[in-house]
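Residue strings, one per chain:
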Amino acid sequence: PAMLVMGLTGTKLGCAEGGCGACTVMLSRYHPGTKQLHHAVNACLAPLCSLHMAAVTTVEGIGSVARKVHPIQERIAKCHGSQCGFCTPGMVMSMYALLRNNPTPKMADVEEAFQGNLCRCTGYRPILQGYKTFSADGECCGGKEKNGCCMKNGNEGLQSSEEITDATSLFNMEDFAPYDPTQEVIFPPELMDSCRSLCFHGERATWLQPTSLKEFLLLKWKHPEARVVVGNTEVGIEVKLKNMVHPLILAPAFIPELSAVTHSEDGVVFSAACTLSHVAAELRKAVRTLPPHQTEVFLAILEQLRWFAGLQIRNVAAVGGNIMTASPISDLNPVFMAAGCKLTLMDKGNGSREVQMDDSFFTGYRKTAVRPQEVLFSIHIPYSKKSQFVSAFKQSPRREDDISIVTTAMSVTFTPGTDVVEDLKLSYGGMAPITVLAKKTANKLLGRRWGEELLQEACSSLAEEMTLDPSAPGGMVTYRRTLTLSLFYKSVFHLFHLIQLFHLIPLFPLFHLIPLFPLFHLIPLSVDVSAAEGFPGVVSFLFADDVPGSNVTGMRQDETVFADGQVTCVGHIIGAVVADTQIHAQRAAKAVKIQYEELQPVITIQEAIAARSFYEPIRTIQNGDLEAGFKQAEHILEGRIHIGGQEHFYLETHVTLAVPREDDEMELFVSTQAPSDSQAFVAKALGVSANKVLIRVKRLGGGFGGKESRTIVLGAPWSGASPVFLDRFHSVLHVLLLQVGFLNSGKVVALDVSFYSNAGNSLDLSQAIMERALFHMENSYRVPNIRGQGFMCRTNLPTNTAFRGFGGPQGMMVAESWITDVAHSLGRSAEEVRRFNLYLEGESTPYNQILHGLTLDRCWDECLSRSGYEQRRAAAQLYNRQNRWTKRGLAVVPTKFGISFTVNFLNQAGALVHVYRDGSVLLNHGGTEMGQGLHTKMVQVASRVLGVPCSKIHISETSTNTVINTSPTAASVSSDLNGAAVQNACEILQKRLEPFKAQNPKGSWEDWVKAAYFDRVSLSANGFYRTPDLGYDFETNSGRLFHYYSYGVACSEVEIDCLTGAHKNLSTTIVMDVGRSLNPAIDIGQVEGGFMQGLGLFTLEELQYSPQGVLLTRGPGSYKIPAFGDIPTELSVSLLRDAPNDKAIFASKAVGEPPLFLAASIFYAIKDAISAAREESGLTGPFRLDSPASTERIRNACSDRFTKLVPEPQICSISVRVEIKLNYFIHFLCSLN
Ligand SMILES: Cc1cc2nc3c(=O)[nH]c(=O)nc-3n(C[C@H](O)[C@H](O)[C@H](O)COP(=O)(O)OP(=O)(O)OC[C@H]3O[C@@H](n4cnc5c(N)ncnc54)[C@H](O)[C@@H]3O)c2cc1C
Ligand code: FES
Ligand code: FES
């Protein structure tokens, strides 16, 4: 709030848990020793009290449009690295902190600087491309395009849109202001003084900041219950997300001895408050200067630190914090244990003692042998010996900035000059409530010769020792057990490379798994707020009875503003706390007591099918003669695929500010894609007519479909001027059953598919989503005899809603699954079978629409040639023959995306254009800006029709009192619909101005406007557009459904690690038909951003629920969207040339949703690589791979001798990793200004 009052709104709050980087600021501190003054840190986890003697620089502090933008701000903008802009301040500050420390960074430094920053819109390439321009070795644009580097090609500014077809030509280096580090603000000298001991008292906590070791030990002695806080990256999460209260905090970061690094004869000693960045820098220095045999342990720690969180976290998190947290999935503790590190503990009474970091140190889940009055003083990390070898591996769902699933470290010491094991330490994280040493195995092997026999025994022993209960917290039991073997094998493999001693093929014993059967329940309610009423700042509580109008709401009127009588899902909002601050509201919400009576919930699609719990209607599209088709087929295959849902993960969550006006009027500033729907919902809830409710939308920090209908849950806007912040919603889930018939030639002649979606506890948009899945069930392939049926499951999950693509990607994903299976079963290449079945011009879809202007074949051929598919395929085959445990795969995948709302009445748009007396133009249209560049395109349209420069045209906002009855900004059609409406309005104005132009042909725009005004001609015009000739009817399967189609093709290559399931995205080439692009920079940004979201959907993002339906994967800590490191190493996007589209504004095409599906090329490239791995085990033919292709699924599908030793438990339980607080239902807030 203080920042808002000061007008410093640049720094954004995205996740509030250190995972997104939107809140990045630069913290500057004076360290007499290191002189390292500047750090990028996450503001959301930085306690205010910790900022004593620190300077904080926010994005406003480095430049602004009003003053002068900083070169860092300029370059991200000019390189199109900002779409919705929500992540941009964080990106800018990460780069700024890097440049303040190092004005000529290397590319590796730039990439490291962004490990902790997420962007959901851009696809990252333009951000990196822009910031490579600051690096000493990054002259290249990063596009790695075949045509050469954009900066060396001498592009002179932006060419005309027809000339620009790829990402290399989107900016010109010469336009950039040079970066001059000498112009930066100096460090405030007054902050170079020494620190004082301080004490801060807050409402619930006291913060003590000692500045001497003696004082610190005395305080801990007096207050053994006090919590020590250094980086606050653990404690901050406990307080913010786990509702823990620590009344007394000791902050020892200013004690010089606690940040010291000392080198001894046998190792390095790091004091406990040394940050991880500091540790990494010191170890790197040691690796550079010490003999290699002494640095084995250091290298293993550096390897772990490389994948440890993002830089912002490592800049503040202390090594002592990691040890003392005693997390079973700590990345460092396994290495410390295997390396035999020693800890020094201190207390005031007993002085200091040294303890070995072995398995007696960790005494239980997050417990250590450190006594309450003791503190951790330092850790001694030993040098390795000549015959010692150390390795460490971490496996996490996402390679960068992610917590581990399993971590391992191994240290082997041989008797000098022999291969006899003198010492072996093998440790695991993620396999028990504490970090464990595989002691039994290690002891058995002492004195033995290192060879195949020993390794076989080691594996058997290890498998017996490292057991895991099927119900173990964290789930993924089979995968984790397989990983212990795989990572051990990798450690051995690593060692093998180092010492070149032996060649091995270990054998592994069987595990025995016990299945778990969890109980499911759900509940109606009674609510007691008495305990919360006296809480500070609480104003009132709101429930269903307080809704002045109708409590019934939702797209299908099957939802409630507040739960009434019964809650139908976890997260169903029962009521709201009105309080003066967010924190007060949250505290009060937690104190509300709710009594429940348990009911049996339906959570999964399988449960819904068993209970026949479906919404109506069950849609069917049928064409041709299915029976005859299957008779004609020479082969029939059956299959199924499950496609997981996806969080929208817009960095800006839902937010509304409601301002009551006179006469029952309400003005709302809403982050919505559908202002008119929000208007209708609010009016109904308030019991007033729509003309009393004004919705205003300046811009959204991302939408992706999640802010289309879900703004209905905004709750009590009538309660006052109320910012309302809500969690996110997610998208659809599908399980599909299919049967496909085909000929020996590969021609598909019959297809029967049943789709099941998990719609959740209300219908919302699920029907239209299911319909679009059906409309895309054949993707780009002609199937003469076809039937698709769609079942929407009614479950007790929070309602699922739209996501970019709106069911289309799910329908097409299934098509790619069966076409891959057809190829596999015929032993043919999937690309050959795909190409053979591609639609031809003039063929008809299952819903009887004739395809005209088809460019699929052109996109396909161009993509193959641009990607060098044939050469890549040959090289991958060679690679696969030469490598057993890594495999490469390729896939070429097309997309055909229908453009129009499939609900016909939505295909309309309005615009209102005002021309003022000074010639400036105010443009209003019905679309909302959420980073997709709609406003820019609309300004371009108006500029072209009116013949005035873009600089004269302004769009202020989208509002329901300027353009009415708008359709949501969705379905990729907003540029088409609103562009045509803007064109219409501008043409009306042009016509009105024509006489004045004729009278004064040499006059200026301003002259004509002025003349028209004095002649009393209206200079304000409404425009309107409705898409012509649409009218599909499900009953008759006839009528035109789509106005046209957008096409594209992608070719991707990946490499998988068969032992761990990790994969690298090596290259992607996309050729996209966007017609004659209105704005190539925007369109390429949309293609890349959509592709990266699809990459998340199909390979990374996984929603996990508890059996009660609690979403466990909330926030970036547990839900992983693609990060910088997930961009394909080579990413080339080009727009198809010479492909004008006569159906849309200025021959352009829609681009928002169609490219998302092209990321399926990564998924099927992974499947291709898995096929190669399976072939090594003698497995050929079709196999099932569900989406996303997570590390777990890839590893399990590789099916080798290790996976066979760890069979799947019969019933796979999802473990509950969080405690469920029932009053979670009431966790959102309103605060009065
Ligand atoms: C976004 C994010 C990503 C993360 N990623 C990873 C990851 O990849 N791998 C990983 O292992 N961890 C990860 N963590 C966990 C965390 O960052 C580390 O455990 C970190 O090292 C904790 O250090 P800190 O200084 O922030 O600890 P704090 O939160 O300040 O303290 C943590 C605990 O240590 C105790 N403590 C600290 N110093 C002392 C001392 N001198 N004596 C006694 N007790 C002490 C505190 O009392 C507290 O209980 C992540 C956390 C976040 C928020
Ligand atoms: S808001 Fe701080 S990291 Fe996301
Ligand atoms: S521009 Fe990065 S999140 Fe929108």
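Sequence positions are assigned chain by chain, starting from 1 and proceeding in written order. Lettering for chains starts from A, numbering for ligands starts from 1, and both go in the order in which the items are written. Note on the predicted model: pLDDT of at least 70 is required for a residue's local features to be given, and 80 or more for side-chain atom pairs to be given and counted; whole-chain, interface and lining totals, by contrast, use all residues. Only hydrogens and water are set aside; all other atoms, that is, all heavy atoms of the structure, feed into the side-chain values.

For the chain, an unreviewed UniProt entry supplies the name Xanthine dehydrogenase/oxidase and the organism Kryptolebias marmoratus. UniProt positions are given in the numbering used here, feature names are shortened, and annotations may be inferred rather than shown by experiment. The annotation that UniProt attaches to the chain under Subcellular location (unreviewed entry) is "Peroxisome". Regarding the chain, the relevant UniProt record gives this comment under Subunit (unreviewed entry): "Homodimer."

Visitor: Please give an account of the overall build of the chain that cites residues and values.
Guide: Summing up its helical and strand segments, the chain has 32 helices and 43 strands in all. The 1233 residues of the chain split such that 63% are buried. Only heavy atoms enter the contact rule, under which two residues are in contact if any of them lie within 4.5 Å. For the chain, the proportion of contacts with a sequence separation of at least 24, taken over those separated by at least 6, is 76%. Accessible surface, the chain as shown: approximately 46300 Å² in total, 53% of it carbon and sulfur. Helix numbers and strand numbers start at the N terminus; a helix is a DSSP run of H or I with at least 4 residues, a strand a run of E with at least 2. Only protein chains enter the accessibility calculation, which uses a 1.4 Å probe; a residue is then buried when its area is under 20% of its type maximum, exposed when over 50%, and partly exposed in between. Here, Shrake-Rupley sampling with a 1.4 Å probe gives the accessible areas, and only protein chains in the shown set may cover a residue.

Visitor: Break down the pattern of salt bridges for me, citing the residues and quoting the values.
Guide: Take a side-chain nitrogen of Lys or Arg and a carboxyl oxygen of Asp or Glu: if they are within 4 Å of each other, that pair is a salt bridge. The final tally for this structure, using the stated rule, is 49 salt bridges. A salt bridge links R696 to E667; its shortest N-O distance comes to 2.5 Å. With R696 in strand β29 (residues 693-697) and E667 in strand β28 (residues 666-670), this residue pair connects regions lying 29 residues apart in the sequence. Between K1143 and D1142 there is a salt bridge, with its nearest N and O atoms 3.6 Å apart. Under the relative-accessibility criterion, D1142 is labelled exposed at 70%. In the salt-bridge network here, residues are joined through shared partners; they are E816, E831, R834, R873 and D1168.

Visitor: Outline the sheet that holds strand β16 (residues 406-414), supporting the account with residue identities and numerical values.
Guide: Strand pairing in a sheet relies on backbone hydrogen bonds, with the paired strands running either antiparallel or parallel. With antiparallel pairing, four strands are arranged side by side in an open sheet as β15-β16-β17-β18. The open sheet has two edge strands with one neighbour each: β15 (388-395) and β18 (436-437). Where strand β17 (residues 421-429) meets β18, two bridges bridge the pair, whose relative direction is antiparallel. Note that in β18 the partner of S427 across the bridge is L437. Packed onto the sheet, helix α9 (residues 296-306) meets β15 and β16 and runs at close to 5 degrees relative to β15. Strand pairing requires that DSSP identify at least two bridges connecting the strands. For helices, the axis comes from a line fit to the C-alpha atoms of the stretch in contact; other axes are also lines fit to C-alpha atoms, and the angle between any two N-to-C directions lies between 0 and 180 degrees.

Visitor: Would you mind going over the site of ligand 1 in detail, with residue names and values included?
Guide: Taken together, 29 residues form the shell around ligand 1, and within it R227, V228, V230, T233 and D331 come nearest. Here a polar contact is taken to be a pair of N or O atoms separated by no more than 3.5 Å, where protein atoms must pair a possible hydrogen donor with a possible acceptor and residues adjacent in sequence count only if both atoms sit in side chains. Within the backbone of G231, one N or O atom sits 2.8 Å away from an oxygen atom of ligand 1. Contacts to ligand 1 include A309, whose backbone N or O atom sits 3.1 Å from an oxygen atom. Protein contacts shield 93% of the accessible area of ligand 1, which totals 990 Å² for the unbound molecule. For the shell around ligand 1, the secondary-structure elements that each account for two or more residues are β6 (227-228), α7 (235-241), α11 (319-325) and β14 (375-382). Charged means Asp, Glu, Lys or Arg here, nonpolar means Ala, Val, Leu, Ile, Met, Phe, Trp, Tyr, Cys or Pro, and polar covers whatever is left, Gly included. Of the residues assigned to the shell around ligand 1, the class counts are 15 nonpolar, eight polar and six charged. Residues lining the shell around ligand 1 come from more than one domain, with at least three contributed by each of domain 1 (1-137 + 173-189) and domain 2 (259-500). A single heavy atom is enough: if one lies within 4 Å of a molecule or strand, its residue is considered near that molecule or strand. For the domains described, the bounds stem from an automatic or database domain assignment.

Visitor: Outline the pairing of β17, supporting the account with residue identities and numerical values.
Guide: Here β16 runs beside β17; their pairing, made up of eight bridges, is antiparallel. Along β17, the bridge assignment pairs S411 with K425. The hairpin formed by β16 and β17 contains six residues between the paired strands, and G417 there has a positive phi angle of roughly 80 degrees. As consecutive antiparallel partners, β17 and β18 are separated by six residues, and within that stretch G430 has a phi angle of approximately 90 degrees, a positive value.

Visitor: Lay out the confidence of the model for the chain with the relevant residues and their values.
Guide: What pLDDT reports is the predictor's confidence in each residue, on a scale of 0 through 100. With 90% of its residues at a pLDDT of at least 70, the chain reaches an overall mean of 88. Here residues 140-163 is a poorly scored stretch, pLDDT under 50, and it has 51 contacts once near neighbours within four places are set aside; other chains count. pLDDT under 50 marks residues 500-524. Its contacts with residues more than four places away, or in other chains, come to 95 contacts.

Visitor: Account for the packing of aromatic side chains, with residues named and values stated.
Guide: Two aromatic rings from Phe, Tyr or Trp, using only the six-membered ring of Trp, form a pair when their centres are within 6.5 Å; if the ring planes differ by under 30 degrees the pair is stacked, by over 60 it is edge-to-face, and anything between is tilted. Counted under the stated rule, the structure contains 26 aromatic pairs. Relative to Y131, the ring of F114 lies with its centre 5.7 Å away and its plane at 10 degrees, an arrangement referred to as stacked. In this pair, F114 sits in the loop between α4 (107-113) and α5 (125-132) while Y131 sits in helix α5, placing the two residues 17 residues apart along the sequence. Assessed through its relative accessible area of 0%, Y131 is described here as buried. An angle of 75 degrees between the planes, with centres 5.3 Å apart, marks the rings of Y1032 and F1034 as edge-to-face. One exposure class covers both Y1032 and F1034, and it is buried. Through a chain of ring-to-ring contacts, three or more aromatic side chains come together here, namely F775, Y847, Y1032, F1034, F1042, Y1045 and Y1047.

Visitor: Go over α5, please, and point to the residues and values.
Guide: Most of α5 sits inside the fold, with eight of its eight residues counted as buried. Along α5, the positions that sit buried rather than exposed are R125, P126, I127, L128, Q129, G130, Y131 and K132.

Visitor: I'd like a rundown of the UniProt feature "binding site: FAD" (unreviewed entry) in the chain, residues and numbers included.
Guide: UniProt records the feature "binding site: FAD" (unreviewed entry) at V228, V229, V230, G231, N232, T233, E234, V235, F308, D331, L376 and K394, using the numbering of this structure. Inspection of the secondary structure assignment puts V229 in the loop between β6 and α7. Its relative accessible area of 2% is what places V229 among the buried residues. Once residues lying within four places of it in the same chain are set aside, the contact partners of V229 are W207, V235, I249, L250, A251 and P252. Assignment of secondary structure puts V235 in helix α7. Classification of V235 as buried rests on a relative accessible area of 8%.

Visitor: Before we move on, could you go through helix α24 (residues 856-867) and cite the residues and values that matter?
Guide: To estimate the expected span of a helix, count its residues, drop one, and scale the result by 1.5 Å. Between its first and last C-alpha atoms α24 spans 16 Å; for twelve residues at 1.5 Å apiece the expected length is 16 Å, and the two agree. Along α24, the residues classified as buried are L856, C859, W860, C863, L864 and S867. One side of α24 holds all its buried residues, which, seen down the axis, span an arc of 125 degrees. Tucked inside the fold, the buried residues of α24 contact α23 (830-837), α25 (869-882), β34 (886-899), β40 (1044-1057) and β41 (1063-1073). One or two positions beyond α24, positive phi appears at G868, with a value near 65 degrees. Along the arc lie the directions from the helix axis toward the C-beta atoms.

Visitor: Before we move on, can you summarise unusual backbone geometry with the specific residues and values?
Guide: The general pattern is negative phi for most residues beyond glycine and trans for most peptide bonds. A cis amide bond, omega -5 degrees, links E616 with the succeeding residue P617. Structurally, the position occupied by P617 is in strand β25 (residues 614-623). Cis geometry marks the peptide bond from S1187 to P1188, where omega comes out at 5 degrees. Relative to the helices and strands, P1188 resides in the loop between α30 (1160-1176) and α31 (1191-1198). Backbone geometry at R366 places phi at a positive 60 degrees, although glycine is not the residue there. Secondary-structure assignment places R366 in the loop between β12 (362-364) and β13 (367-368). You can call R366 partly exposed: its relative accessible area is 29%.

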